[in-house]
Amino acid sequence: MEFSELIKTATVESVLLAGTGLPAVRGTLCITSHHLLLSSCPGGDGQPGTVELWLLIRNVDAVEKRLAGSSGTITLRCKDLKVLQLEIPGMEECLNIASSIEALSSVDSVMMMYPFFYRPQDLRLEEGWHLFPLEQYFQKIAAQTNQWRLSDLNRDFTTCPTYPAGVIVPAAVSDDTLRRAARFRQGGRFPVLSYYHPRNGTVMLRSSQPLTGPNRKRCPEDEVLLGTVLDEGERGFIIDTRSAQAAKQARMTGGGTEPKSSYPQWKRLHRPLERGRPLQESFIKLVEACNDASLSMDRWLSRLESCRWLSHVKAALSTACLAAQCLDREEASVLVHGAEGTDTTLLVTALAQVILDPGCRTMVGFQGLLEREWIEAGHPFHLRCARSAYSHARLKQEAPLFLLFLDCVWQLSRQFPFSLEFGESLLLALFDNAYASDYGTFLCNNEKERCLCKVKENTHSLWAWLNQPEEKKKYLNPLYSHNPLVIWPSVEPQSIQLWQGLFFRWIRPSQYLEEARAEMQRLVEAKEAPAKESAGSRLSRSLSDPAARTENER
């Protein structure tokens, strides 16, 4: 397929661009293979026009057209929730532009997407892809205990197609036992280590549901695997992210739960979290309510409650707190799973680590967490983020699990404003890039697919871009102060708030917020400058004065 075949009209003059809160501007509209460009008309004397719009077509979620006489209006509803309007002279041009955008935004082949064509001058292809090797994470654990090992049994992705090549497993369990246990878990997702709690040596594992089925099948190898995690007399908790009823129904179709008789040291707790269609519909209803300017306060509050988005946020935070509490306060290990183990399971394990581990609350640590617990762990980004809140297409497997996670992290940052090194701007950038990106980090559904598509060899890493010094400064929290403690969020209704920075990002002007952030940054830098200058003076004095150098060494 050639992109040119999908572009019916490449250029249209005198197009009027309008967006919420933006002044209307007229210019020349151009469609390329991956972008929609609008350059405003030159000011005369042959001056070049100004680029007013540079939109990645992959970001378009829905195209709506309205014809009137000899012209038409196209409304573009974007995956990042932005809404743009293009007034196009000429009915045929309007229809052709709409058709071209629809066709280009629907290209589903990963290797035809923009990250495979994007080549920024200041980044190298290999940069950022190997910042967070699992070996490095494992070495931190190995320095504290010899109970775990790094296994490469999945190096060819045959044991589990959605796990990475390497996984951390109990040292006493052989690879052969793991392979047999994998056959007893949906999709081969046998229990692997997600987090080691250094304070007391407890661990958090994740997996998919066991395939007990209606006949209550057993798997000795799976029982050995989970039994090895606990010492004699210890207990552990299995947090099942389905309701007890849903888990029972799953048994009738081949799934199920771990029976008490076969796993006597493990106690099962059901904490149902929505995924799939109910969560996607909740997201759609919330965005519809946010865009409805005609609502009275009472009607707005009613719509906000009925969409149930904040209830999903509360449930996710509560379940993550439960997992963290089991580890930190009950000093008991935890296994988290739902059905497939690629959605709500990862939501809980990742959130629990942000709550427990101050390392995951740094800029680099948070990126490492996303790499380990979302990307390498097999969250199907390509399926879940195929459509956002505006699409008119029939729902397939779309669900905003990753957005729900980012919203929960935002709630933590609001309740603990000094404890996270990064700010809201990083969370917004991650949301945008998960749905449409110049970078390959969120492409595909798992590591096996990324290997087949050669994503790491042919696209740039988002982390390489975010960690450039000038870029990184935009995402740091100027109020950050290292907090070694566990951060326990409140999940009371009055404590859970709507993330206005995301849901009202394009609706309300953010000028004053941006000015406040800039002033906050300026004050922090002004405060740090004397300290740096003082340290520099001491260093300069010690280099020039042997006596002072000796004193410093003491």
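Here the structure is shown first, and the text comes after it.
As the structure is a prediction and not an experimental result, all values here were calculated from the model.

(A) Structural detail: the packing of aromatic side chains. In the structure shown here, the tally under the stated rule is 22 aromatic pairs. Taken together, a centroid distance of 5.3 Å and an interplanar angle of 75 degrees make the contact between Trp374 and Phe402 edge-to-face. On the criterion of sequence distance, the pair formed by Trp374 in helix α10 (residues 363-375) and Phe402 in helix α12 (residues 401-415) is long-range, its members being 28 residues apart. Just as Trp374 is buried, Phe402 falls in that class too. On the numbers, 6.2 Å between centres and 25 degrees between planes, the contact of Phe402 with Phe405 is stacked. Here Phe405 and Phe402 lie together in helix α12, a separation of 3 residues that amounts to about one turn. We note that Phe402, like Phe405, is buried. Chaining the aromatic ring pairs together yields one cluster made of Phe132, Phe366, Trp374, Phe381, Phe402, Phe405, Phe422, Phe442 and Trp463. Its end group placed over the ring of Trp488, Arg329 keeps NZ or CZ at 4.3 Å from the ring centre. A cation over a ring is seen here: Arg372 above Tyr137, with NZ or CZ 3.8 Å from the ring centre.

(B) Structural context of the layout of surface pockets. Estimates place the volume of the second largest pocket at around 460 Å³. As for the second largest pocket, its lining consists of 23 residues, of which Tyr137, Lys140, Asp357, Cys360 and Arg372 are closest to the centre. In terms of residues, the lining of the second largest pocket owes the most to one element, α10, which gives 6 residues. Each residue belonging to the lining of the second largest pocket can be placed in one class, and the counts come to 12 nonpolar, 6 polar and 5 charged.

Each value, and the rule that gives it
Residues numbered from 1 in each chain as written. Predicted model: local features only at pLDDT ≥ 70, side-chain atom pairs only at ≥ 80, totals over all residues. Heavy atoms only, no water. Phe/Tyr/Trp six-rings, centres within 6.5 Å; stacked < 30°, edge-to-face > 60°. Helix = DSSP H or I, 4+ residues; strand = E, 2+ residues; numbered from the N terminus. Buried < 20%, exposed > 50% of the residue type's maximum accessible area, 1.4 Å probe, protein only. Lys NZ or Arg CZ within 6 Å of the ring centre and 35° of its normal. 1 Å grid on protein atoms, 1.4 Å probe; cavity = no way out; pocket = protein on both sides within 12 Å on 5 of 7 lines; lining within 4 Å. Points joined across faces, edges and corners; volume = space filled by probe spheres on them. Nonpolar A, V, L, I, M, F, W, Y, C, P; charged D, E, K, R; others polar.

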